[in-house]
Amino acid sequence: QSVLTQPPSVSAAPGQKVTISCSGSSSNIGSDYVSWYQQLPGTAPKLLIYDNYKRPSGIPDRFSGSKSGTSATLGITGLQTGDEADYYCATWDSSLSAVVFGGGTKLTVL
Amino acid sequence: QVQLVQSGAEVKKPGASVKVSCKASAYSLTDYYMHWMRQAPGQGLEWVGWMHPKSGGSQSEQKFQGRVAMTWDTSTNTAYVELSGLRSDDTAVYYCARDGVGTSLDFDYWGQGTLVTVSS
């Protein structure tokens, strides 16, 4: 069981918008920043969002991040078939003194 | 441009040890934290530990303590993770990832991954 909780899967049609939630507690999301990663099949994860909402250069503004209390959300607009991937949230947990990941969410673009 | 290039796949027997390398280019290993993660087949990401060559510090996830060693060679700009007492459930792809310049964790560059298979 992952410390951070994500829905196992989400789906939406091309061009639509989807959100992926990441729920934690006061010792992780509630007290530190969240980052998000996209993992295409057979490849290494790629940084999408860091410090809750910042995008690295090269990441389109179709991807957005937000945090409220002990939950964080990744939003993707204008869905493309190339967005089909697994998405992971991550943060530091001060009680565990460890990096914690969500269990991952598989995005299907129908 | 920044790259992390990892060593090739390994097949080990239960009880053996494995050492995976991660060679950094276009930046100095001493300037950033480096983390190690792993991903078992069909599973999610699991954190193994971090290392900080500049301070000489490292820390592993509690479940690996006593079995994992993270080291580095600044002359070749290469990081290493060694896992001993291998079990079948250590079968996974192991990744190195640089912690970038954000306020908190942001793994901005990743190695391509190294598959470690533990099988008798």
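Refer to the structure above for everything that follows.
Fair warning: this is a prediction, and the values are worked out from it, not measured in the lab. (Residues numbered from 1 in each chain as written. Chains lettered and ligands numbered in written order. Predicted model: local features only at pLDDT ≥ 70, side-chain atom pairs only at ≥ 80, totals over all residues. Heavy atoms only, no water.)

Asks: Sorry if this is basic, but what is going on with the overall build of chain B here?
Replies: In terms of regular secondary structure, chain B is built from 0 helices and 11 strands. The linear arrangement of helices and strands in chain B, starting from the amino end, is β-β-β-β-β-β-β-β-β-β-β. Radius of gyration (C-alpha) of chain B: 14 Å, near the 14 Å computed for a compact globule of 120 residues. Along the longest, intermediate and shortest principal axes, the C-alpha atoms of chain B span 40 × 30 × 25 Å. For chain B, the residues scored as buried account for 48% of the 120 residues in total. For chain B, restricting intrachain contacts to residue pairs at least 6 apart in sequence, the fraction spanning at least 24 positions comes to 52%. Of the roughly 5,500 Å² of accessible surface on chain B, a fraction of 47% belongs to carbon and sulfur atoms. Here chain B contributes 10 positive and 11 negative side-chain charges, whose respective centroids are spaced 6 Å apart. (Helix = DSSP H or I, 4+ residues; strand = E, 2+ residues; numbered from the N terminus. Rg over C-alpha atoms; globule rule 2.2 N^0.38 Å. Buried < 20%, exposed > 50% of the residue type's maximum accessible area, 1.4 Å probe, protein only. Contact = heavy atoms within 4.5 Å. Areas by Shrake-Rupley, 256 points an atom, 1.4 Å probe, with all protein chains shown as cover. Lys, Arg positive; Asp, Glu negative; His and termini not counted. Charge placed at Lys NZ, Arg CZ, Asp CG, Glu CD.)

Asks: When you look at the packing of aromatic side chains in this model, what are you seeing that I'm missing?
Replies: The relation between two aromatic rings is expressed through the spacing of the ring centres and the mutual angle of the planes. All told, the structure shown has 7 aromatic pairs over all chains when counted by the stated rule. Taking the centre distance of 5.7 Å and the plane angle of 70 degrees together, the rings of Y37(A) and W110(B) count as edge-to-face. Highlighted residues: Y37(A) in strand β3 (residues 35-39) and W110(B) in strand β10 (residues 107-110), drawn from two different chains. Centre to centre, the rings of Y33(B) and W50(B) are 5.3 Å apart; their planes meet at 70 degrees, and the pair counts as edge-to-face. Of this pair, Y33(B) sits in strand β4 (residues 33-39) while W50(B) sits in strand β5 (residues 45-52); the two residues are 17 residues apart in sequence, bridging distant segments of the chain. An aromatic cluster of three or more residues is present, and its members are Y37(A), Y95(B), F107(B) and W110(B). (Phe/Tyr/Trp six-rings, centres within 6.5 Å; stacked < 30°, edge-to-face > 60°.)

Asks: Please clarify how the interface of chain A and chain B should be interpreted in this entry.
Replies: Many structure descriptions define interface size as the accessible area lost when the parts assemble. Contacts between chain A and chain B engage 20 residues on the former and 21 residues on the latter. Buried area between chain A and chain B, summed over both chains or domains, comes out near 1,600 Å², and the portion from carbon and sulfur atoms is 64%. Of all residues in chain A, P45(A), V99(A) and F101(A) give up the largest surface area on contact with chain B, accounting jointly for 30% of the area buried on that side. Along the contact surface separating chain A from chain B lie 0 salt bridges. Counting the contacts that link chain A with chain B gives 8 residue pairs in polar contact (both at pLDDT 80 or more). Of all the secondary structure elements, the ones that give two or more residues to the side of chain A that touches chain B are β3, β7 (85-93) and β8 (98-101) of chain A. Taken together, the residues that form the side of chain A that touches chain B break down as 11 nonpolar, 6 polar and 3 charged. (Buried area = accessible area lost by both parts, 1.4 Å probe. Salt bridge = Lys/Arg side-chain N within 4 Å of Asp/Glu carboxyl O. Polar contact = N/O pair within 3.5 Å; in protein donor to acceptor, adjacent residues only side chain to side chain. Nonpolar A, V, L, I, M, F, W, Y, C, P; charged D, E, K, R; others polar.)

Asks: Is there a simple way to think about the pairing of strand β2 (residues 18-23) of chain A in this case?
Replies: Working note: regular strand, side chains alternate between the two faces of the sheet. Residues and elements named next belong to chain A. Only one face of β2 is covered, namely the face carrying V18, I20 and C22; the face carrying T19, S21 and S23 is uncovered. Pairing between β2 and strand β6 (residues 71-76): 6 bridges, direction antiparallel. Looking across to β6, one finds that S21 is bridged to T73. (Pairing = 2+ DSSP bridges.)

Asks: Please clarify how the pairing of β4(B) should be interpreted in this entry.
Replies: Residue and element names in this part refer to chain B. In terms of burial, β4 is largely enclosed, as 6 of its 7 residues are buried. One ladder, built from 7 bridges, connects β4 with strand β9 (residues 92-99); its direction is antiparallel. Of the residues in β9, the one forming a bridge with R38 is Y94. Where β4 meets β5, 6 bridges bridge the pair, whose relative direction is antiparallel. Each residue of the ladder has a partner; that of R38, found in β5, is E46. What sits between β4 and β5 in their antiparallel hairpin is a turn of 5 residues, with G42 showing a positive phi close to 70 degrees.

Asks: Explain unusual backbone geometry here, please?
Replies: If a residue is not glycine, its phi is most likely negative; likewise, a peptide bond is most likely trans. All names here are of chain B. Within the chain, A26 stands out as a residue other than glycine whose phi angle is a positive 75 degrees. Relative to the elements of secondary structure, A26 occurs in the loop between β3 (18-25) and β4. Residue A26 is classed as exposed on the basis of its relative accessible area of 59%. Although it is not a glycine, N77 sits at a positive phi angle of roughly 55 degrees. Within the fold, N77 resides in the loop between β7 (68-73) and β8 (78-83).

Asks: I keep staring at the nonpolar core and nothing clicks. Help me out?
Replies: When a protein is soluble and globular, its nonpolar side chains tend to lie buried together. Grouped together as the largest cluster of nonpolar side chains are 24 residues, with contacts concentrated most on L4(B), C22(B), Y27(B), M34(B), W36(B), A79(B) and L83(B). Here this core takes 4 residues from β3(B), the largest share from any one element. Beyond its immediate stretch of four places on either side in the chain, L83(B) contacts A16(B), S17(B), V18(B), R38(B), F64(B), R67(B), V68(B), D90(B) and Y94(B). Judged by nonpolar contacts, the second largest core, of 23 residues, contains L4(A), A12(A), I20(A) and F63(A). (Core = buried A, V, L, I, M, F, W, Y, C linked by side-chain atoms within 4.5 Å.)

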